[in-house]
Amino acid sequence: MPDVAEAGLASRLSGWMHRRSWAIAMTVAIVITCGGLVILETARQRIASEYEAALEARGVSMQLSDLDGQLAQLRSHESAFLLTKRDGDARSYCASAAVIRRTIRSLDAWFTRAADGVERASFTQIAALIDARIGSGAQALQQASPHRLDLAACGDVTASSTADASLVTGTLSLLRDNEERRAQRALDASRADQRVSTLVAAGLSALNIVLFILLFRNLGIEIDRQARAQKQLITQQEELDQLVNERTRQLEALGWHLQAVSENEKTQLARELHDELGAILTASKMDVAWARRKLQDTEPAIAEKLARALETLDQGIALKRRIIEDMRPTVLATFGLVTALRTLADEAAQRNGWVLDLQLPADDIQLDEQTEIALFRVAQESLTNAAKYARATQLTIGLTVLLTAGGGEVSLHIADNGIGITPADLTRTHTHGLMGMRQRVAARGGRFDIRRGDPRGTDIRVVLPVANTGATSAESGEGRSADEAGGRAPGQHTDAPVGRL
Ligand SMILES: Nc1ncnc2c1ncn2[C@@H]1O[C@H](COP(=O)(O)OP(=O)(O)OP(=O)(O)O)[C@@H](O)[C@H]1O
Ligand SMILES: [Mg+2]
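Residues numbered from 1 in each chain as written. Chains lettered and ligands numbered in written order. Predicted model: local features only at pLDDT ≥ 70, side-chain atom pairs only at ≥ 80, totals over all residues.

### A closer look at the environment of Thr171
So the rule is basically this: Runs of H or I in DSSP of at least four residues are treated as helices and runs of E of at least two as strands, each being numbered from the N terminus. What counts as a contact here is a pair of residues whose C-beta atoms, placed from the backbone, lie within 7 Å.
Along the polypeptide, Thr171 turns up in helix 4 (residues 165–298). The spacing of Thr171 and Phe123 is 48 residues in sequence and 8.1 Å in space, taken between C-alpha atoms. Excluding residues within four positions of it along the chain, Thr171 makes contact with Ser122 and Ile126.

Structure (structure tokens):
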């Protein structure tokens, strides 16, 4: 169990590291960069102070050289006086002594502040020797002079011990060498610090370059990954679209098939109602009429009953006709689409008090049966809806056929000037009228469009493809008249010659 827990922890840790790898890398890089900057700044300060120390040491060394030179000058002024006994040389001697004392004071301040104990002691010793040398020199000038000299400018000239010139020169050169070495050491240290700075700066630059390379590489990988994901998404979307299109086609085919089946069943039922029930009712009516005629004089009461039975039979026949009409509009089968639409519109306009604007072809047209049924049913449902909801006063029905060499299309337009369909009505799913129209049209590869009119009313347009058989309205209109109550001429597309009873 502990092994499993450890493995889980390790995998969580590695997952966390993987997710946070960039954050960790950036943090490490920032820490390293900050550390490098601190090192660079420290090195810069050290280099500055080392340069300062080197400059100071060089300055001291030069001052020591100057002191050596000033001592030589002092000696030359002394010798000149001893030879010439000129007061001017004595004054020059004192002036040199003053310069030497100033240099010694300046050097003394530096040795007291910066030099180590041995150097300080050596310098103090030298300073004392030089002082004594100035003093003994001044005394020698005084003794050699024929008159009393004013040696106040030489300062304290009481010291009398003789100074060893070679000791002074040797110690001065020792001190100078020391300062030269110190300057050299400071310069070496500053060069070493410069090398460290260069290395750190190079390291930081290399780190940044590596980070940039990694960043761009990672960005490239990420862009590639996103592009692949996008491509995959597009492929999936295309597959999905294809599937949806296929399913839609299947559903349309199914809808088409179901409607065809339903229309066929209706046609068959209508035929049976017409042939069987119609025959029975007609026979009954003829029998009852015969019995009524026979009994009219002898049995007036029974004749009266039979007259009522005849009326009931008439009602039955009318009902049967209406049912047949609904199931299989005989006017469509008999007279064609244009007449069927005109009849439908006339009846509806009469019932609802509409002013009718019919824009139908003057002659009948012949389309294939299913297209005609689809257009007729759409018109039927549109008029029913207009009657139920529109509260319209005017109704327009238009039908146009456009035939081209390879085919053509038929377009049906129905518009009312009523209250107008609402957007919510267009998306209703629990009603079947609009949906049925859409399905019928889609199943035949057509276009269905319903919209609210501007400023009011409802506008429906249906466009269906038709095969150009060469049959024109004039041709198809011929031989199809009210006299041919048995239906369309033989050879025409309808196989349901449902005649009137
Ligand atoms: N010409 C019209 N004017 C105003 N509203 C309309 C018109 N035609 C349809 N509608 C609105 O659209 C809705 C949907 O119509 P649809 O024919 O689909 O359903 P229905 O007539 O209510 O029911 P069903 O046709 O299934 O018996 C209707 O309920 C009605 O509110
Ligand atoms: Mg309806």
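### Remarks on the site of ligand 1
Convention followed: As used in this record, a residue near a molecule or strand is one whose C-beta atom, placed from the backbone, is within 6 Å of it. Under the convention adopted here, Pro, Cys and the residues Ala, Val, Leu, Ile, Met, Phe, Trp and Tyr are nonpolar, Asp, Glu, Lys and Arg are charged, and Gly plus all remaining residues are polar.
Around ligand 1 lies a shell of 17 residues, among which Asn385, Asp425, Thr431, Gly433 and Leu434 are the nearest. Those elements giving two or more residues to the shell around ligand 1 turn out to be helix 8 (369–390) and helix 10 (433–443). Sort the elements by how many residues they give to the shell around ligand 1 and helix 8 lands first, with five residues. Taken together, the residues of the shell around ligand 1 break down into six nonpolar, seven polar and four charged.

### Re the packing of helix 3 (residues 117–144) against helix 4
Geometry of a packed helix pair, given as the angle between the helix axes and the separation of the axes. Condition: Angles run from 0 to 180 degrees between N-to-C directions of axes, and those axes are lines fitted to C-alpha atoms, restricted for helices to the stretch in contact. The crossing is said to be left-handed when, going from far helix to near helix, the turn is anticlockwise and less than a right angle, and right-handed when the turn is clockwise.
It is the contact of helix 3 with helix 4, at a shortest axis distance of 10 Å, that shows an interaxial angle of 145°. Both helix 3 and helix 4 take part in a crossing whose hand is left-handed. From helix 3, Glu119, Ser122, Phe123, Ile126, Leu129, Ile130 and Arg133 reach across to helix 4, where they touch Leu167, Val168, Thr171, Leu172, Leu174, Leu175 and Asn178.

### Digging into helix 7 (residues 337–352)
Here is the rule: In this scheme, a helix's expected span is set at 1.5 Å multiplied by one less than its residue total. Working definition of burial: number of other C-beta atoms within 10 Å of the residue's own, with buried at 20 or more, exposed at 12 or fewer, and partly exposed in between, all C-beta atoms being placed from the backbone. Starting at the helix axis, one direction is taken to each C-beta atom, and the arc is that of these directions.
The terminal C-alpha atoms of helix 7, which comprises 16 residues, lie 22 Å apart, in line with the 22 Å expected from a rise of 1.5 Å per residue. Within helix 7, burial applies to Leu337, Val338, Ala340, Leu341, Ala345 and Ala348. Taken around the axis of helix 7, the buried residues stretch over an arc of 165°, which confines them to a single face. What points out from helix 7, more than 90 degrees from its buried face, is the exposed set Asp346, Glu347 and Gln350. Contacts from the buried residues of helix 7 go to helix 6 (330–335), strand 1 (355–359), helix 8 and strand 2 (394–404).

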